Amino acid sequence: MRTLLLSLILAGFAGVIASASTITIVPVFEPLSLHGTDGDGAASDIGEALQASVMPRPMALTGAFPEVLVDAIRSPHLIPTNNPNYKVQETNLLVLCNIGITAEIINNVLTVKLDVAQLAIPADVDLTTRQILKLAIIAVKKTLEDYQRPQTQPLSVSILIEGTDDAKASLRDLGTKFTIPEEPAAN
């Protein structure tokens, strides 16, 4: 009887702890493929006309911010439609091309890793790996800029390209570092 009572009490505490997490609705920018449509990104994101664009969508997230924001950039994305001819099942380029993304705070720097080890670009996605990674980096920046706007401390970010073999080694130069908000240029 004591064991049963203790189990019920502990289960109750676990339920309270589990339901006490904060859920926040935030915009998350994603690198999206526009294949299967008649539109293109109109050179707005990386300076080239592509069948891709970086767009936001609202998401309800819980977890460690800003890390969970970066993880959410790779969420599966089926675009709702009213057109029966649009049959694309996935538009998020990170999901489509099997590019991993993780984030963690290391020495007060948000370190974002884009992993191309399992990269595979589908035939109907007319983009290069470099273009996809540039769009992913823009998605990270836009997502973090929106999150960081009300924050009082700047956020230092480092983006690394991982999983590169000899054939993909040149992609490492896309790695970058920046601070949000951007620090004013010195005169």
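Predicted, not measured: the structure shown is a model, and the values here were computed from it.

1. So, the pairing of strand β5 (residues 155-162)
For step 1, the next point in the chain: In this sheet, β5 lies alongside strand β4 (residues 109-115) in parallel orientation, the contact comprising six bridges. Bridge pairing links V112 to I159 in β5.
For step 2, the next point in the chain: Chirality of the crossover, the property in question, places the unit of β4, helix α4 (residues 129-148) and β5 among those that are right-handed.
For step 3, the next point in the chain: Direction of pairing for β5 relative to strand β6 (residues 176-180): antiparallel, over a ladder of five bridges. Looking at the pairing, I159 lines up with T176 of β6.

2. A look at unusual backbone geometry
For step 1, the next point in the chain: Residues F65 and P66 are joined by a peptide bond in cis, for which omega reads 10°.
For step 2, the next point in the chain: Looking along the chain, the bond that leaves I180 and enters P181 is cis, with omega of -5°.
For step 3, the next point in the chain: On the secondary structure map, P181 appears in the segment after β6.
For step 4, the next point in the chain: For N98, which is not glycine, the phi torsion reads 60° and is therefore positive.
For step 5, the next point in the chain: Assignment of secondary structure puts N98 in the loop between α3 (93-96) and β3 (100-106).

3. Describing the nonpolar core
For step 1, the next point in the chain: The biggest cluster of nonpolar side chains holds 44 residues, and the ones touching the most others in it are I99, V112, L114 and V157.
For step 2, the next point in the chain: For this core, the element with the most residues is α4, which contributes nine residues.

4. Digging into the pattern of salt bridges
For step 1, the next point in the chain: The full count for this structure, using the stated rule, is four salt bridges.
For step 2, the next point in the chain: Where E30 meets R57, a salt bridge forms, and the shortest distance between an N and an O atom there is 3.1 Å. With E30 in strand β1 (residues 24-33) and R57 in strand β2 (residues 52-61), the pair connects residues that are 27 residues apart, well separated along the chain.
For step 3, the next point in the chain: For D146, the salt bridge goes to R149, with nearest N and O atoms at 3.0 Å.

5. Some thoughts on the sheet that holds β3
In a beta sheet, neighbouring strands pair by backbone hydrogen bonds and run either parallel or antiparallel.
For step 1, the next point in the chain: One open sheet holds the four strands; their spatial order is β3-β4-β5-β6, and the pairing between them is mixed. Two strands close off the open sheet at either side, each with one partner strand: β3 and β6. The sheet shows a mean angle of 20° between the axes of neighbouring strands, taken without regard to direction.
For step 2, the next point in the chain: Two strands pair when backbone bridges link them, and β3 and β4 are joined in this way by seven bridges, in the antiparallel orientation. Within β4, the residue paired with A103 across the bridge is V112.

6. Comments concerning the packing of aromatic side chains
For step 1, the next point in the chain: Taken as a whole and assessed by the stated rule, the structure comprises one aromatic pair.
For step 2, the next point in the chain: Here F65 and Y147 contribute two aromatic rings whose centre-to-centre distance is 5.9 Å and whose plane-to-plane angle is 20°, an arrangement assigned as stacked. Linking F65 in the loop between β2 and α2 (67-72) with Y147 in helix α4, this pair joins segments that are 82 residues apart in sequence.
For step 3, the next point in the chain: Lying across the ring of F178, K141 places its NZ or CZ 5.0 Å from the centre.

Quick notes on the rules
- Residues numbered from 1 in each chain as written.
- Predicted model: local features only at pLDDT ≥ 70, side-chain atom pairs only at ≥ 80, totals over all residues.
- Heavy atoms only, no water.
- Pairing = 2+ DSSP bridges.
- Helix = DSSP H or I, 4+ residues; strand = E, 2+ residues; numbered from the N terminus.
- Right-handed = clockwise from strand over helix to strand, strands pointing away.
- Core = buried A, V, L, I, M, F, W, Y, C linked by side-chain atoms within 4.5 Å.
- Buried < 20%, exposed > 50% of the residue type's maximum accessible area, 1.4 Å probe, protein only.
- Salt bridge = Lys/Arg side-chain N within 4 Å of Asp/Glu carboxyl O.
- Axes fitted to C-alpha atoms, helices over the stretch in contact; angles between N-to-C directions.
- Phe/Tyr/Trp six-rings, centres within 6.5 Å; stacked < 30°, edge-to-face > 60°.
- Lys NZ or Arg CZ within 6 Å of the ring centre and 35° of its normal.

The values reported here are purely geometric and, on their own, carry no functional implication.
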